[in-house]
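Chain and residue survey
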Amino acid sequence: MSKPLIALTPGHNMDSGDVFLRPTYLKAIAAAGAVPVMLPLEASPDDYHQISESFDGFLFTGGPDTHPFLFGEDTYQGCGSISPKRDSMELSLLPHVMKAGKPILGICRGIQIINIGLGGTIYQDISNQYYGSMEKKPDCLLAHRQPYGYELPSHTVTLAPESLLAGICGCRTIKVNSMHHQAVKKPASGLAVCATASDGLIEAVEMPDYPWLAAVQWHPEYLWETDPAAASLFRCFVEACIH
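Presented here is an overview of the structure given in this document. Residue numbers run consecutively from 1 along every chain, following the written order of its sequence. Whole-chain, interface and lining totals are the exception, using all residues; otherwise, since this is a predicted model, local features are given only for residues with pLDDT of at least 70 and side-chain atom pairs are given and counted only at 80 or more. To obtain the side-chain values, all non-hydrogen atoms of the structure were included, while hydrogens and water were left out.

A few words on the environment of Gln217. Note on conventions: DSSP H or I runs of at least 4 residues are helices, E runs of at least 2 residues are strands, and numbering of each starts at the N terminus. Mapped onto the elements of the fold, Gln217 is located in the loop between β13 (213–216) and α7 (228–240). Remark: the alpha-carbon pair of Gln217 and Leu159, spanning 58 residues in sequence, is separated by 13 Å. At a separation of 3.2 Å, a polar atom in the side chain of Gln217 contacts the side chain of Gln112. In the analysis that follows, any N or O atom pair within 3.5 Å is treated as a polar contact, provided that within protein one partner can donate a hydrogen and the other can accept it, and provided that, for residues neighboring in sequence, both atoms belong to side chains.

Here is the structure:
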């Protein structure tokens, strides 16, 4: 039996114009039993339709911030660099993929762009907007940008009972790594929050009424070799992509 083809959204260096993809994504998808393929940064509407029909699953990868105009806000202090071409590419691709009913996995920026594409909002900067708005701040703030290697977990997340993600991981609490300063603020209609950090920040969403969609804020592509929950996430995603 041939392996499923998984399309991955590309990174984009705004300074050099280079289009790239971290090998960690490719290795994780390949180890789970699929063939990973990086998508082009620019395409036509007809191309997106063909792409959505040609691949068995789609991984929306991590990367830079998204432009705040996409979710109806001005740019606040703490917002980082953006790639308008990548914003356009992913937001153009997403509805074609969903119309085709293909399995979708989002990682880091991926959870944010999926949420924005479906009508939700994000925190432009956790430190300013999330912690800054708390009436009662926790005694210690979580390091959502951990100070050491991404191959090590840095905090725990609690999974919602009966959620797709809890079933995939086989437990209610998992250890994750963390390298982000933005996060889901208001989940889009149809998305269910299925994981939160100890400070209450949303760490994962899924779509119960869609064939298969899971999006996480952490980076399992750095953990799958040593962490069973991360490996199971990629394996279950690939299994969902098999016709």
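Another point: the sheet that holds strand β11 (residues 192–197). At least two bridges found by DSSP between two strands is the condition for calling them paired. On the basis of which strands lie adjacent, the open sheet formed by nine strands has the order β4-β1-β5-β6-β13-β12-β11-β8-β9 and mixed pairing. Edge positions in the sheet fall to β4 (35–38) and β9 (173–176), since each has one partner strand and no second. Between one strand axis and the next, the sheet turns through 20 degrees on average, direction left out of account. Strand direction decides the pairing type here: strand β8 (residues 155–159) and β11, joined by three bridges, are antiparallel. What sits directly across from Thr158, in β11, is Thr196. It only takes one pair of heavy atoms within 4.5 Å for two residues to be counted as in contact. Geometry is summarised by axes, namely lines fitted to C-alpha atoms with helices restricted to the contacting stretch, and by angles between N-to-C directions that run from 0 to 180 degrees. Helix-sheet contacts for helix α4 (residues 109–117) involve β5 (57–60), β6 (104–107), β12 (202–206) and β13, and the interaxial angle to β6 is about 120 degrees.

Right, let's get into the environment of Gln182. By the secondary structure assignment, Gln182 is in the loop between β9 and β10 (183–184). In this view, Gln182 contacts Asp65, Thr66, Cys79, Gln112, Ile122, Tyr123, Gln124, Ile126 and Gln217; residues no more than four positions away in its chain are not counted. Side chain to side chain, Gln182 and Asp65 meet in a polar contact 3.4 Å long.

Any residue under 20% of the maximum accessible area for its type is buried, any over 50% is exposed, and the rest in between are partly exposed; the area is computed with a 1.4 Å probe on protein chains only. With eight of nine residues buried, α4 is to be regarded as a mostly interior element. One or two steps after α4, the chain reaches Gly119, where phi turns positive at roughly 110 degrees.

Below, the discussion takes up the side chain of Asp65. Note that Asp65 resides in the loop between β5 and α3 (84–100). Not counting residues within four places of it along the chain, the set of residues in contact with Asp65 comprises Cys79, Gly80, Ser81, Ile82, Ser83, Asp87, Arg109, His181 and Gln182.

Moving on to the state of the cysteines. The disulfide criterion used throughout: a pair of cysteine sulfur atoms within 2.5 Å. Across all of its chains, the model carries zero disulfides by this definition. Unpaired in this structure, Cys171 has its nearest cysteine sulfur neighbour in Cys169, at a distance of 5.6 Å. A relative accessible area of 30% means that Cys171 is categorised as partly exposed. Cys169 provides the cysteine sulfur closest to Cys236, a residue in no disulfide bond, and the two sulfurs are 8.4 Å apart. Owing to a relative accessible area of 18%, Cys236 belongs among the buried residues under this scheme.

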